[in-house]
Amino acid sequence: MTGLPPNAIWFIAGALLISIEIFLVPGAGILFAGLGAITVGGALMAGWIDGTSGQFILFFLSTALWAAALWKPLKKLMNSDESGYSDFVGQTAVVYGEPLEKGKRGQVKWSGTIMNCEIAPNENAEKILSGAEVTIIEVSKGILLVKRNS
């Protein structure tokens, strides 16, 4: 039985790392490692490198280069008022999955999309049950801040 070619393994690893960044731990910087892995996969396809040590050297170097190139622009995008999130504010969402608890991250469903959220710091509710409607009052670093609908 033959395994996957090395370039396919690097592409799959890159996709997994980027997925982890998007869905599980946003803001952790795993995105850069995912881009580094995809870079190695592309270099292998082009025939620019071979050998395991060369692959790992390129992986670490390209991860560092991606981080250096994208860190400030992504940070600026996530923290700016121009981040494209303003259309969320004032919208109604529904608590999805587990009930929301103050100080913990949960999820809401907004416009058919499941998104990470937290109860807003100025909200009096300590817990909001699953299925309850909430209002999005702010977006901070990609996390929706919500309050219970009155």
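Higher on the page you've got the structure.
Just so it is clear, the model here is predicted, and its values are computed rather than measured.

Hey, could you run me through the packing of helix 1 (residues 6–23) against helix 2 (residues 30–46) in this one?
Relative orientation and spacing of two packed helices are given, respectively, by the angle between their axes and the distance between those axes. As a packed pair, helix 1 and helix 2 sit with axes 7 Å apart at the nearest point and diverge in direction by 165°. The angle between the axes of helix 1 and helix 2 places the two elements in the roughly antiparallel class. Classified by chirality, the crossing of helix 2 by helix 1 is left-handed. Packed against helix 1, whose contacting residues are P6, N7, W10, F11, A13, G14, A15, L17, I18, I20 and E21, the element helix 2 presents I30, L31, A33, G34, L35, A37, I38, V40, G41, G42, L44 and M45 at the interface. Its residues assigned to classes, the contact of helix 1 with helix 2 shows 17 nonpolar, five polar and one charged.

How should the pattern of salt bridges be read in this particular structure?
It is possible for side chains bearing opposite charge to pair when their charged atoms get close. Applying the stated criterion across every chain yields a total of two salt bridges. When the shortest N-O distance is used, the salt bridge between K104 and E101 registers 3.6 Å. In this structure, E118 engages R105 in a salt bridge whose closest nitrogen and oxygen atoms are separated by 3.7 Å. Of this pair, E118 sits in strand 4 (residues 113–119) while R105 sits in the loop between strand 2 (100–101) and strand 3 (106–110), and the two are 13 residues apart along the sequence.

Can you walk me through the packing of aromatic side chains in this structure?
We describe a pair of aromatic rings using the distance from one ring centre to the other and the angle between the two ring planes. Per the stated rule, a full pass over the model turns up four aromatic pairs. Geometrically, the ring pair formed by W10 and F56 is edge-to-face, given 5.4 Å between the ring centres and 65° between the ring planes. Of this pair, W10 sits in helix 1 while F56 sits in helix 3 (residues 52–79), and the two are 46 residues apart along the sequence. Judged by relative accessible area, which is 10%, W10 ranks as buried. In this structure F56 comes out as partly exposed when scored by relative accessible area, which is 40%. For the pair W10 and F59, a centre-to-centre distance of 5.4 Å together with 40° between the ring planes defines the contact as tilted. In this pair, W10 is assigned in helix 1 and F59 in helix 3, connecting sequence segments 49 residues apart. Note on accessibility: W10 and F59 belong to one class, buried. What links up through ring pairs into an aromatic cluster is the set W10, F56, F59 and F60.

Looking at this structure, I do not really get the nonpolar core. What am I missing?
The nonpolar side chains of a soluble globular protein tend to be buried, and buried together. In terms of nonpolar packing, the biggest core is built from 16 residues, with L100, V108, I136 and L144 touching the most fellow members. Every element with two or more residues in this core is listed here: strand 1 (92–96), strand 3, strand 4, strand 6 (133–140) and strand 7 (143–148). Filtering out sequence-adjacent residues up to four positions away, V108 remains in contact with A93, V94, V95, Y96, L100, T113, I114, M115, C117, V134 and L144. W10, A33, A37 and F59 belong to the second largest nonpolar core, which has six residues in total.

Just checking my understanding: could you explain the sheet that holds strand 7 for this structure?
The strands that make up a sheet pair up through hydrogen bonds in the backbone, lying either parallel or antiparallel. On the basis of which strands lie adjacent, the closed barrel formed by five strands has the order 1-3-4-7-6 and mixed pairing. Put simply, the sheet's adjacent strands are angled 55° from each other on average, direction ignored. Across three bridges, strand 1 lies against strand 3 in antiparallel orientation. When the sheet's bridge partners are listed, Y96 is paired in strand 3 with Q107.

About the cut-offs
Residues numbered from 1 in each chain as written. Predicted model: local features only at pLDDT ≥ 70, side-chain atom pairs only at ≥ 80, totals over all residues. Heavy atoms only, no water. Axes fitted to C-alpha atoms, helices over the stretch in contact; angles between N-to-C directions. Helix = DSSP H or I, 4+ residues; strand = E, 2+ residues; numbered from the N terminus. Parallel < 35°, antiparallel > 145°, perpendicular 65-115°, else oblique. Left-handed = near helix turned anticlockwise from the far one by under 90°. Contact = heavy atoms within 4.5 Å. Nonpolar A, V, L, I, M, F, W, Y, C, P; charged D, E, K, R; others polar. Salt bridge = Lys/Arg side-chain N within 4 Å of Asp/Glu carboxyl O. Phe/Tyr/Trp six-rings, centres within 6.5 Å; stacked < 30°, edge-to-face > 60°. Buried < 20%, exposed > 50% of the residue type's maximum accessible area, 1.4 Å probe, protein only. Core = buried A, V, L, I, M, F, W, Y, C linked by side-chain atoms within 4.5 Å. Pairing = 2+ DSSP bridges.

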